[in-house]
Amino acid sequence: MAIFPIRTFGDPVLRSVAAEVDEIDDGIRHLVGDMIETMYDAPGVGLAAPQIGISKRVFVFDWADGSGAHTLINPVMIETSGEWEFEEGCLSVPGRYWPIRRPAFSRVRGLDLDGNAVEYSGDELLGRVLQHEFDHLEGMLLIERLERRVRKEALRELRDEALGL
Ligand code: ZN
């Protein structure tokens, strides 16, 4: 297992729709081990495979309820409801937080590392982590969840920063 550098805003892998996992083999088990280690090192509450440069539909999360790290492979978002605004950040956009409005509740179904069907659902923090990590597999960053005006300003700042302005 190893800790990987986390890809940041501007890296095209973060804008790509990730590929389904065909088979949960040693390669996937190894990837998940690396992702969990990288998530804890960051530290973060969730990490999606594209964030370490692997465009596959896998994410891990630990929302600090004491149940440890969980893995979802080929997740499908099956339900969202309500609305909740919360100051949200992303390991791929380090040091930046924005108030982002999302559904408060979400339910996600996928496979665990043994290939068993698993389902996670929750509101507020867990609901948000599930949506945020799922977005990564769709090639979407939290910036795209900002209101248009705020998003333009955020993108301008990030580009200036990247250019060292
Ligand atoms: Zn993120």
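Residues numbered from 1 in each chain as written. Predicted model: local features only at pLDDT ≥ 70, side-chain atom pairs only at ≥ 80, totals over all residues. Heavy atoms only, no water.

J.: Looking at this structure, how should I read helix H3 (residues 148–162)?
T.: For an α-helix, 3.6 residues make a turn, and residues three or four places apart therefore share a direction. When the terminal C-alpha atoms of H3 are compared, their 21 Å separation across 15 residues agrees well with the 21 Å that a helix rising 1.5 Å per residue should span. Gly 164 sits one or two residues past H3 and shows a positive phi near 75°. (Helix = DSSP H or I, 4+ residues; strand = E, 2+ residues; numbered from the N terminus. Expected span 1.5 Å × (residues − 1).)

J.: Hey, could you run me through the coordination of the zinc ion in this one?
T.: Six octahedral donors around a metal ideally subtend angles of 90 or 180 degrees, whereas four tetrahedral donors ideally subtend 109.5 degrees. Distances from the zinc ion to its protein donors, Cys 90 (SG), His 132 (NE2) and His 136 (NE2), fall within 2.0 to 2.3 Å. All donors to the zinc ion come from one chain, and their sequence spacing reads C-x41-H-x3-H. A residue pair is termed a helical-turn pair when its members lie 3 or 4 positions apart in one helix, as His 132 and His 136 do in helix H2 (residues 124–137) at 4 residues. Residue class for His 136 comes out buried when judged on its relative accessible area of 1%. (Donors = N, O, S within 2.8 Å, 3.2 Å for Na, K, Ca; no water. Buried < 20%, exposed > 50% of the residue type's maximum accessible area, 1.4 Å probe, protein only.)

J.: Where do I start with the packing of aromatic side chains in this structure?
T.: Aromatic ring pairs are defined here through the distance separating the ring centres and the angle between the ring planes. Scanning all chains against the criterion turns up 4 aromatic pairs. Judged by centre distance (5.9 Å) and plane angle (55°), the ring pair of Phe 59 and Phe 61 falls under tilted. Phe 61 matches Phe 59 in its accessibility class, with the two residues each being buried. One aromatic cluster in this structure is built from Phe 59, Phe 61, Trp 63 and Tyr 120. (Phe/Tyr/Trp six-rings, centres within 6.5 Å; stacked < 30°, edge-to-face > 60°.)

J.: How should I be thinking about the environment of Glu 87 in this particular structure?
T.: Checked against the element boundaries, Glu 87 lands in strand S4 (residues 84–89). Residue Glu 87 is classed as partly exposed on the basis of its relative accessible area of 44%. Distance from Glu 87 to Pro 99, taken between C-alpha atoms, is 4.1 Å for residues 12 residues apart in sequence. Once residues within four sequence positions are removed from consideration, Glu 87 is found in contact with Tyr 97, Trp 98 and Pro 99. (Contact = heavy atoms within 4.5 Å.)

J.: What is the right way to look at the pairing of strand S5 (residues 97–102) in this model?
T.: Looking along a regular strand, one sees the side chains alternate between the two faces of the sheet. Here S5 shows a clear split, with Trp 98, Ile 100 and Arg 102 buried on one side and none of Tyr 97, Pro 99 and Arg 101 buried on the other. Looking at chain direction, S4 and S5 are connected through 6 bridges and run antiparallel. Paired with Glu 87 across the two strands is Pro 99, which belongs to S5. (Pairing = 2+ DSSP bridges.)

J.: Whenever I open this one, the pattern of salt bridges confuses me. Can you help?
T.: Side chains bearing opposite charge may pair, as long as their charged atoms lie close to each other. In this structure the tally under the stated criterion is 16 salt bridges. With a shortest N-O distance of 3.9 Å, Arg 15 and Glu 144 are connected by a salt bridge. Highlighted residues: Arg 15 in the segment before helix H1 (26–41) and Glu 144 in the loop between H2 and H3, separated in sequence by 129 residues. The exposure class of Arg 15 is exposed, given its relative accessible area of 53%. With relative accessibility at 33%, the residue Glu 144 sits in the partly exposed group. For Arg 29, the salt bridge identified is with Asp 26, shortest N-O distance 3.1 Å. Here Asp 26 and Arg 29 lie together in helix H1, a separation of 3 residues that amounts to about one turn. Residue Asp 26 is classed as exposed on the basis of its relative accessible area of 59%. (Salt bridge = Lys/Arg side-chain N within 4 Å of Asp/Glu carboxyl O.)

J.: Help me understand a negative patch on the surface, please; the structure alone is not making it clear to me.
T.: A grouping of Glu 20, Asp 22, Glu 23 and Asp 25 is seen on the molecular surface, where their side chains present a negatively charged patch. Looking at the element boundaries, Glu 23 is found in the segment before H1. Taking the relative accessible area as the measure of exposure, Glu 23 reaches 56% and is therefore exposed. (Patch = residues over 30% accessible without salt bridge, like charges linked within 9 Å, V, L, I, M, F, W, Y side chains within 5 Å. Areas by Shrake-Rupley, 256 points an atom, 1.4 Å probe, with all protein chains shown as cover. Lys, Arg positive; Asp, Glu negative; His and termini not counted. Charge placed at Lys NZ, Arg CZ, Asp CG, Glu CD.)

J.: Quick question: what am I supposed to make of the nonpolar core here?
T.: One broad rule of soluble globular proteins: the nonpolar side chains tend to lie buried together. Ranked by size, the top nonpolar core spans 14 residues in total, and within it Phe 59, Phe 61, Leu 72, Tyr 120, Leu 126, Leu 130 and Leu 137 carry the most contacts. Broken down by secondary-structure element, the contributors of at least two residues to this core are strand S2 (58–61), strand S7 (117–123) and H2. With 5 residues, the top contributor of residues to this core is H2. For Phe 61, the contacting residues outside a window of four places in its chain are Met 39, Val 45, Gly 46, Gly 68, Ala 69, His 70, Leu 72, Tyr 120, Leu 126, Val 129 and Leu 130. Core analysis: the second largest hydrophobic core is formed by 13 residues, Val 32, Met 35, Ala 49 and Val 60 among them. (Core = buried A, V, L, I, M, F, W, Y, C linked by side-chain atoms within 4.5 Å.)

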